[in-house]
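The lines below spell out each chain.
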Amino acid sequence: MTHTMHTSTARVDKEGTRPRAGARTTPSGSPSGRGRGALRRATPWLFLLAPLVLLITFTYVPVANMVYYSFTDWDGVSPEIHLTGADNYVELFTRPELFRVFFVSLYYLAASAVQIVIALYFATVLSFNLRLRNLFKGILFFPYLINGVAIGFVFLYFFQDGGTLDSVLSWFGVGTDRAWLGTPGSANVSLAGVAVWRFMGLNFVLFLGAIQSIPGELYEAAQLDGATRWHQFRYLILPSIRPVVSLSVILAVSGSLSAFEIPYIMTNGATGTTTFVMQTVKLAFQFNKTGLASAAAVVLLLIVLLITWIQRRLVPDEKVELV
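What this report covers is the structure whose coordinates are included nearby. Because the structure is predicted, anything quoted here is derived from the model rather than measured.

### Quick word on the overall build of the protein chain
- Looking only at helices and strands, the protein chain has 15 helices and zero strands in total.
- Across the protein chain, the fraction of contacts at a sequence separation of at least 24, relative to all contacts at a separation of at least 6, is 64%.
- If you sum the accessible surface of the protein chain, you get close to 20,700 Å²; carbon and sulfur atoms cover 67% of it.

### Some thoughts on helix 3 (residues 87-94)
- Turning to helix 3, its buried residues number three or more, namely N88, Y89 and L92. Viewed along the axis of helix 3, the buried residues span an arc of 95 degrees, placing them on a single side of the element.

### Remarks on the packing of aromatic side chains
- A full pass over the atoms with the stated rule returns 14 aromatic pairs.
- Geometrically, the ring pair formed by F155 and F158 is edge-to-face, given 5.5 Å between the ring centres and 65 degrees between the ring planes. Taken together, the residues F155 and F158, both in helix 7 (residues 148-159) and three residues apart, mark about one turn of the helix.
- Here a set of aromatic residues connected by ring pairs shows up, and it is made of F155, F158, F159 and W197.

### Considering the environment of T94
- Position of T94 among the secondary structure elements: in helix 3.
- A relative accessible area of 55% places T94 in the exposed class.
- Side-chain polar atoms of T94 contact the backbone oxygen of V90, separated by 2.6 Å.
- Polar side-chain contacts of T94 include one of 3.3 Å to the backbone oxygen of E91.

### What about unusual backbone geometry?
- For N268, which is not glycine, the phi torsion reads 55 degrees and is therefore positive.
- Within the secondary structure layout, N268 lies in the loop between helix 13 (261-266) and helix 14 (276-285).
- For N268, a relative accessible area of 42% translates into the label partly exposed.

### Quick word on the nonpolar core
- Core analysis: the largest hydrophobic core is formed by 21 residues, its most contacted members being A123, F204, F207, I211, Y219, I237 and I241.
- Listing elements by their share of this core, those giving two or more residues are helix 5 (102-126), helix 9 (184-212), helix 11 (229-240) and helix 12 (242-257).
- Per element, the largest residue contribution to this core is six residues, and it comes from helix 9.
- Setting aside its immediate chain neighbours within four residues, Y219 contacts F128, I211, I214, Q232, L236 and I237.
- V101, F102, V277 and V298 belong to the second-largest nonpolar core, a separate cluster that totals 20 residues.

### A look at the pattern of salt bridges
- The final tally for this structure, using the stated rule, is three salt bridges.
- One salt bridge connects E97 with R95, and the closest N-O pair in it is separated by 3.0 Å.
- For E97, a relative accessible area of 35% translates into the label partly exposed.
- Salt bridges sharing partners connect three or more residues here, namely E91, R95 and E97.

### A word on the layout of surface pockets
- Of the pockets and cavities examined, the largest pocket occupies roughly 380 Å³.
- Within the residue set of the lining of the largest pocket, elements represented by two or more residues are helix 5, helix 9, helix 12 and helix 13.
- For the lining of the largest pocket, the leading source of residues is helix 9, giving five residues.

The rules we used
Residues numbered from 1 in each chain as written. Predicted model: local features only at pLDDT ≥ 70, side-chain atom pairs only at ≥ 80, totals over all residues. Heavy atoms only, no water. Helix = DSSP H or I, 4+ residues; strand = E, 2+ residues; numbered from the N terminus. Contact = heavy atoms within 4.5 Å. Areas by Shrake-Rupley, 256 points an atom, 1.4 Å probe, with all protein chains shown as cover. Buried < 20%, exposed > 50% of the residue type's maximum accessible area, 1.4 Å probe, protein only. Arc of directions from axis to C-beta. Phe/Tyr/Trp six-rings, centres within 6.5 Å; stacked < 30°, edge-to-face > 60°. Polar contact = N/O pair within 3.5 Å; in protein donor to acceptor, adjacent residues only side chain to side chain. Core = buried A, V, L, I, M, F, W, Y, C linked by side-chain atoms within 4.5 Å. Salt bridge = Lys/Arg side-chain N within 4 Å of Asp/Glu carboxyl O. 1 Å grid on protein atoms, 1.4 Å probe; cavity = no way out; pocket = protein on both sides within 12 Å on 5 of 7 lines; lining within 4 Å. Points joined across faces, edges and corners; volume = space filled by probe spheres on them.

Okay, here's the thing in structure tokens:
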């Protein structure tokens, strides 16, 4: 009996705790539960392993390949690839016609500003108690759910001579002898208007979710203080959703620079509607200049990153204490 008590006392660890009865120990004296704890700590990383592999495989590896191809003369077909240094970038910056297409992006940038204002207006109005507000939410968000190719074909018939737009205008006695997609100015304005109609639903949902996350007690306090709807929007809603507005601006800038789907379907770059992305695609697949197209894609990526960095520096995120 005494020998058993001495043996049990000797097994007390340095912290003065006794291992559980029946616990399995390693040769160093630590319980096997320590291995389970390490596995439990590694479990979140194991769940992140699959998304990280997909992200690296389908995002970072293609970007690395694109950067590599930008320093070559690869035509996209031949198995032979020759390094040319910075020749593609020199050609890109010494040919003004390759950068002239950036002026088309100004139409989409102006349309994005209009889109943000309209989406913010509807999100603010529909965040209050109104009749049929759920119906209007669905109507505003529905265009974003439609396939872009289908939208392009629908509005192609909408703007054609004698199409839907001309028919509607004729009801009000307006002349219909104008080719909406026939001149660079009217064509780009029409395409930018289609982009506003399609993508406004995304900004609307972002703004609406941010506005509805504001505690209701703040609205009640503002009403007790005699604040009007405009004052509530200016001093309560707008400061509270500033991070979402900043995100929408970044998306608007990047989207205006990378416009492709709608102008490609509706005009295929005719009448001065070629965007930078459309030109890059033509360089790669029509003229077999994959190296030059890769350099153009790298430049576009750097421009978007630079504009995003400038925007974040000029309008930094601020923590807003609501409660």
